[in-house]
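Summary of structural features
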Amino acid sequence: MNRRRYWVLKTEPTNYSIDDLERDRKTPWSGVRSYMARNAMRDMMQMGDTVLIYHSSCDVPGIYGFGQVVSAPYGDPTQFDPESPYYDARADADKPIWQLVDIAFRSKLDEPITLLDLRARPGLKTLRILARGNRVSVTRVSEAEFRIIHAMAVKRGHKG
DNA sequence: GCCAACGTTGGC
DNA sequence: GCCAACGTTGGC
């Protein structure tokens, strides 16, 4: 049994939010077009891993809820769809360039853990998403970092 | 809207 | 394979 891993998934809520994930229950995490983020999903993610859903480019950036990796990596279908903004003409069906995993909704926080909250925690200084200029939308969270964030969620009345 | 800092591209 | 230039991200 492999050890659980933890991740932050960044998303712009105007594009896809924790509420969308709650409604859908499960979604292919499509549209990731960065090699570092793709490699993380393709090579490092495991079924059952926990993901933190982070809203960026919005009024209150921060963590809004929890999800779970529920598939192995597979080719992102949007790369083959000429109508999609994520279409990639270089990709063909038997040689996908972009990979994704399915993410299931687990829970939503009543109050988000804001970017300011995260920055205020000395134990989270190493959190990748807080690094200056970080742009990668899929980043690893250490177990120690996750424990701190989870405790912050519990403090907000979050169960589970 | 600004702009620092980045990840990616492409010329060499 | 290097690295400058570019376009994008994302907090403010």
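Everything numeric here is computed off the predicted structure, so don't read it as measured data.

Observations regarding the nonpolar core
What tends to happen in soluble globular proteins is that the nonpolar side chains get buried as a cluster. Among the nonpolar cores identified, the biggest contains 21 residues, and L9, W29, M41, M45, V51, I103 and V138 are the most heavily contacted of them. Of all the elements in the fold, those that place two or more residues in this core are β1 (6-11), α1 (18-24), α2 (35-44), β3 (50-55), β4 (62-69) and β7 (102-114). Residue contacts for I103: discarding those within four places in its chain leaves L9, L21, R25, K26, T27, W29, V51, Q68, V69 and V70. If you look at the next biggest cluster of nonpolar residues, it comprises 19 residues, including I129, L130, M152 and A153.

Remarks on the pattern of salt bridges
For the structure on display, the rule yields nine salt bridges. Here R3 makes a salt bridge to E143, at a shortest N to O gap of 3.6 Å. Of this pair, R3 sits in the segment before β1 while E143 sits in helix α4 (residues 143-155), and the two are 140 residues apart along the sequence. R3 sits in the exposed class, given a relative accessible area of 66%. Of the residues examined, E143 reaches a relative accessible area of 29% and is grouped as partly exposed. Overlapping salt bridges bring together R3, E143 and R147 as one network.

Focus: the side chain of T27
Along the chain, T27 falls in strand β2 (residues 26-28). Here T27 falls in the buried class, since its relative accessible area comes to 10%. The residues touching T27, leaving out its near neighbours within four places in the chain, are Y16, L21, V101, D102 and I103.

What counts, and at which threshold
Residues numbered from 1 in each chain as written. Chains lettered and ligands numbered in written order. Predicted model: local features only at pLDDT ≥ 70, side-chain atom pairs only at ≥ 80, totals over all residues. Heavy atoms only, no water. Core = buried A, V, L, I, M, F, W, Y, C linked by side-chain atoms within 4.5 Å. Buried < 20%, exposed > 50% of the residue type's maximum accessible area, 1.4 Å probe, protein only. Helix = DSSP H or I, 4+ residues; strand = E, 2+ residues; numbered from the N terminus. Contact = heavy atoms within 4.5 Å. Salt bridge = Lys/Arg side-chain N within 4 Å of Asp/Glu carboxyl O.

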